[in-house]
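Letter by letter, the chains look like this.
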Amino acid sequence: MSSATSVIEPIVFRWHQAEITAIAPVTPHVKSVRLRCALAQTYRAGQHVDVRLTAEDGYQAQRSYSIASAQDGSGTFELMIEALPDGEVSGWFSQCADVGDRVEMRGPIGGSFSWDGPDGGPLLLGGGGSGVVPLLAMLRRRAQHWRAIPAALIYSARTHAEMIALAELEQLAATDPQVSLHLAATREPGGKRIDAALVAGALTRIGAPGKVFLCGSNRFVAAASDLIMAAGVAPGLIRTERFGA
Ligand SMILES: Cc1cc2nc3c(=O)[nH]c(=O)nc-3n(C[C@H](O)[C@H](O)[C@H](O)COP(=O)(O)OP(=O)(O)OC[C@H]3O[C@@H](n4cnc5c(N)ncnc54)[C@H](O)[C@@H]3O)c2cc1C
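Residues numbered from 1 in each chain as written. Predicted model: local features only at pLDDT ≥ 70, side-chain atom pairs only at ≥ 80, totals over all residues. Heavy atoms only, no water.

As recorded by an unreviewed UniProt entry, the protein carries the name FAD-binding oxidoreductase and is attributed to Methylobacterium longum.

Now the structure itself:
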């Protein structure tokens, strides 16, 4: 472990109280959850937090969730949580959580999977399902301060209806000529998976990427990495984060 990591560690791994200040559906299965927490003072786009729930009998469950918001000085941040069938923690957020409820959090976590500005040049982002959440934070951060940096988002989900923040992303792509959106709806009639043509379209819009961030299931991240490397992008530019098995 590097000395830099050991200096940061005591701050990162302390649990903090967080209070839900707003909760609302964003797709049929995903809720936006805004929380007030001391951790919201300093985080980079792309990072995640660990969330811990404690039942009355002391039973605890903890999971990781990416931060969807860009830092805005409000002392709050937004998570976007997809309800999985019989999911313990996502089920609580989906069915039980309400404004005023408290959970515990630690972080922010994910130094290498984070972005804050023009280090590296154009951004190539690839998200599968709820893996788009940390990439949304990067695009929101870019919109705050770094609009000159070209960015392309490749986003794969089962259907358009299940695409998180689709209206916001489409609006961004329609109004900002430096942003492009490349969608793959895998389970719609005529739908498709991420492929070489989608990657080529994204690269045509931004030119050579300075940083590549990929997030989603193992399957999505593996496919996206292979396609992007096959398109000539150096492996060393690619940062990945994987959800689930
Ligand atoms: C770095 C990181 C960031 C993440 N960010 C996000 C995010 O932004 N948004 C998001 O929605 N998720 C995110 N996740 C995923 C999240 O951490 C949880 O894994 C997810 O919410 C599921 O947790 P759960 O408690 O609801 O489900 P779990 O209770 O853990 O169950 C997961 C699934 O497995 C099934 N299952 C559980 N136990 C069994 C069993 N014994 N046999 C068969 N099936 C079983 C359940 O039915 C469920 O469908 C992230 C993960 C990581 C690692």
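### Digging into helix α4 (residues 166–175)
Definition in use: Working definition: with a 1.4 Å probe on protein chains only, accessible area under 20% of the residue-type maximum means buried, over 50% means exposed, and in between means partly exposed. To qualify as a helix, a DSSP run of H or I must reach at least 4 residues; to qualify as a strand, a run of E must reach at least 2; elements of each kind are numbered from the N terminus. Along the arc lie the directions from the helix axis toward the C-beta atoms. Whether two residues are in contact is decided by their heavy atoms, any of which lying within 4.5 Å being enough.
Those residues of α4 that fall on the buried side of the exposure criterion are Leu 166, Leu 169 and Leu 172. One side of α4 holds all its buried residues, which, seen down the axis, span an arc of 130°. Relative to its buried face, α4 has exposed residues pointing more than 90 degrees away, namely Ala 167, Gln 171, Ala 174 and Thr 175. Buried residues in α4 make contact with α3 (133–145), β8 (151–157) and β9 (179–185).

### A closer look at the pattern of salt bridges
As a reminder, the rule being used: What counts as a salt bridge is simple: a side-chain nitrogen of Lys or Arg found within 4 Å of a carboxyl oxygen of Asp or Glu.
In this structure the tally under the stated criterion is 11 salt bridges. Among the ionic pairs, Glu 104 bridges to Arg 52, the shortest N-O distance being 3.0 Å. Placement of the pair is Glu 104 in strand β6 (residues 102–109) and Arg 52 in strand β3 (residues 48–54), with a sequence separation of 52 residues. Of the two residues examined, Glu 104 and Arg 52, each falls in the buried class. Salt bridges here are not isolated pairs; linked through shared partners, they connect Glu 78, Arg 140 and Glu 168.

### Observations concerning the packing of aromatic side chains
Short version of the rule: Side-chain rings of Phe, Tyr and Trp, where Trp is taken by its six-membered ring, are said to pair if the distance between their centres is within 6.5 Å; with planes under 30 degrees apart they count as stacked, over 60 as edge-to-face, and otherwise as tilted. Here, a charge over a ring means that NZ of Lys or CZ of Arg falls within 6 Å of the ring centre while also lying within 35 degrees of the ring normal.
Tallied over the full model, the rule gives four aromatic pairs. Centre to centre, the rings of Phe 113 and Phe 213 are 5.3 Å apart; their planes meet at 80°, and the pair counts as edge-to-face. Residue Phe 113 is found in the loop between β6 and β7 (123–128), and its partner Phe 213 is found in strand β10 (residues 211–217); the two are separated by 100 residues along the sequence. The pair Phe 113 / Phe 213 is uniform in exposure class, with both members buried. In this structure an aromatic cluster arises from ring pairing among Tyr 65, Trp 92 and Phe 93. Sitting over the ring of Trp 15, Arg 52 keeps its end group 4.2 Å from the ring centre.

### Description of the domain arrangement of the protein
Size of an interface: often given as the accessible area lost when the parts come together. The line we're drawing: Note: domain ranges come from an automatic or database domain assignment. Accessible area that two parts lose when put together, with a 1.4 Å probe and added across both, is what the buried area reports. The definition of a polar contact used here is a pair of N or O atoms within 3.5 Å, where within protein one atom must be able to donate a hydrogen and the other to accept one, and adjacent residues in sequence count solely through side-chain atom pairs. Polar here means any residue outside two lists: the nonpolar Ala, Val, Leu, Ile, Met, Phe, Trp, Tyr, Cys and Pro, and the charged Asp, Glu, Lys and Arg; Gly therefore counts as polar.
Domain assignment breaks the protein into domain 1 (3–109) and domain 2 (123–243). Averaged C-alpha coordinates put domain 1 and domain 2 at centres separated by 24 Å. With 17 residues of domain 1 in contact, the opposing surface of domain 2 contributes 16 residues. Between domain 1 and domain 2 lies a buried interface of about 1,300 Å² when both sides are counted; carbon and sulfur atoms form 59% of it. For the interface between domain 1 and domain 2, the tally reads two salt bridges. Here Arg 140 and Glu 78 are joined by a salt bridge, their closest N and O atoms 2.7 Å apart. Taken together, the links from domain 1 to domain 2 amount to five residue pairs in polar contact (both at pLDDT 80 or more). Per element, the largest residue contribution to the side of domain 1 that touches domain 2 is three residues, and it comes from strand β5 (residues 76–82). Partitioning the side of domain 1 that touches domain 2 into residue classes produces seven nonpolar, seven polar and three charged.

### Section: the side chain of Ser 130
Summarising the element assignment, Ser 130 is placed in the loop between β7 and α3. In contact with Ser 130, other than residues within four places in its own chain, are Glu 82, Ile 164 and Phe 243.

### Remarks on the packing of α3 against α4
Worth spelling out the cut-off: Inter-axis angles, ranging from 0 to 180 degrees, are taken between N-to-C directions of lines fitted to C-alpha atoms, where helices are fitted over the stretch in contact. Oblique is the label for any angle not under 35 degrees, not over 145, and not in the 65 to 115 range, which are roughly parallel, roughly antiparallel and roughly perpendicular in turn. The handedness criterion is simple: a crossing whose near helix is rotated anticlockwise from the far helix by less than a right angle is left-handed, and one whose near helix is rotated clockwise is right-handed.
Axis separation between α3 and α4 bottoms out at 12 Å; the angle between their running directions is 40°. Of the possible angle classes, the one that applies to α3 and α4 is oblique. Classified by chirality, the crossing of α4 by α3 is left-handed. In contact with Leu 136, Leu 139 and Arg 140 of α3, α4 contributes Glu 168, Leu 169 and Leu 172. Residues of the contact of α3 with α4, tallied by class, amount to four nonpolar, no polar and two charged.

### Structural notes on the nonpolar core
The test is simple: As used in this record, nonpolar core signifies buried Ala, Val, Leu, Ile, Met, Phe, Trp, Tyr and Cys residues forming a set joined through side-chain atoms within 4.5 Å.
One finds Leu 125, Met 138, Leu 153, Tyr 155, Ile 164 and Phe 213 to be the most contacted residues of the largest nonpolar core, which totals 30 residues. Counting residues in hydrophobic clusters, the runner-up holds 22 residues, among them Leu 79, Ala 97, Val 103 and Met 105.

### A few points about the sheet that holds β10
This is how it is decided: A pair of strands counts as paired when DSSP detects no fewer than two bridges linking them.
Here we have five strands laid out as an open sheet, ordered β9-β8-β7-β10-β11, and parallel in their pairing. Since the sheet does not close on itself, it has two edges, and those belong to β9 and β11 (238–243), each with one partner. Neighbouring strand axes in the sheet, compared pairwise and without regard to direction, differ in orientation by 10° on average. Where β10 meets β11, six bridges bridge the pair, whose relative direction is parallel. Residue pairing in the sheet places Cys 215 in a bridge with Glu 241 of β11.

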